Amino acid sequence: MEKVFLGGSRHVRALNAVIRKRLNDVISSELFVFVGDANGADKAMQTYLADRQYRNVQVFCSGKDCRNNIGSWETREINTDRAEKDFQFYAAKDTVMSEEADSGLMLWDGKSKGTLNNILNLLEQGKQVAVYFSPKKAFHDLQSLEDLKPLLKECPPGLMRGFEKKINLSRRLEPAAQQLSLI
């Protein structure tokens, strides 16, 4: 069964008709869903799937406590040696989801470092990612790191510096990074 990693920004809390259509495609295709436990996009997509009584879902949590599991699905606890619940703590579960998924569907506000990191992880592994870019209210189907460049050009320079600092964006985008003003 094909597995899809659903994720997104904590600031994306509402699912419009375009997003619901993509989730309906996941349901009708009977894909197995990996989803995180964060508030925002994860919780909104969990709620949508639970309302439709979709059962092919596994919720991933960093550490022992899941923050959200709306559908009472099976959970997967990803152990991390980090004491602090910081970016790396939560990224541990995301890394496993990106490794085990066949593709991704991300709801990105153009600001979330975590969602961008997930998009990069999937693309670096040669996996397709459907990205709903909320500033433009549209999906972009990405096949490669090169396909990500137009979305990054929509991000303010200050955010690009933050992406560079937190997730080493230019190193990960080589050689595409030479065409972006990252620093």
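To start, this report covers the structure provided alongside it. (Residues numbered from 1 in each chain as written. Predicted model: local features only at pLDDT ≥ 70, side-chain atom pairs only at ≥ 80, totals over all residues. Heavy atoms only, no water.)

For an α-helix, 3.6 residues make a turn, and residues three or four places apart therefore share a direction. Across its 14 residues, helix α3 (residues 87-100) extends 20 Å between first and last C-alpha, which sits within 8% of the 20 Å expected from 1.5 Å per residue. Its maximal kink placed at K93, α3 deviates by approximately 25 degrees. For α3, the set of buried residues is F89, A91, A92, K93, D94, V96, M97 and S98. Against β1 (3-8), β2 (32-35), β3 (57-62), β4 (74-78) and α4 (113-124) lie the buried residues of α3. (Helix = DSSP H or I, 4+ residues; strand = E, 2+ residues; numbered from the N terminus. Expected span 1.5 Å × (residues − 1). Bend = angle between axes of the 7 residues up to and from the residue. Buried < 20%, exposed > 50% of the residue type's maximum accessible area, 1.4 Å probe, protein only. Contact = heavy atoms within 4.5 Å.)

A word on the nonpolar core. Counting residues in hydrophobic clusters, the biggest one holds 29 residues, and the most contacted among them are W108, L116, I119 and L148. Mapped by element, the contributors of at least two residues to this core are α3, β5 (103-108), α4, β6 (129-133), α5 (145-152), α6 (157-167) and α7 (169-173). Looking at this core, the element that brings in the most residues is α4, giving 5 residues. Residues V4, L6, V57 and V59 belong to the second largest nonpolar core, which totals 26 residues. (Core = buried A, V, L, I, M, F, W, Y, C linked by side-chain atoms within 4.5 Å.)

All right, on to the pairing of β2 then. By the bridge criterion, 4 bridges tie β1 to β2 in an arrangement that is parallel. The residue bridging F5 from the neighbouring strand is F34, located in β2. Note on the crossover from β1 through helix α1 (residues 17-28) to β2: the handedness is right-handed. Note that β2 and β3 share 3 bridges and pair parallel. (Pairing = 2+ DSSP bridges. Right-handed = clockwise from strand over helix to strand, strands pointing away.)

Between two cysteines, a covalent bond joining their sulfur atoms is known as a disulfide. All chains considered together, the criterion is met by 1 disulfide. Covalently, C61 is tied to C66 through a disulfide, its sulfur atoms 1.5 Å apart. Judged by the torsion about the S-S bond (60 degrees), the C61/C66 disulfide is right-handed. Judged by its relative accessible area of 0%, C61 falls in the buried class. (Disulfide = S-S within 2.5 Å.)

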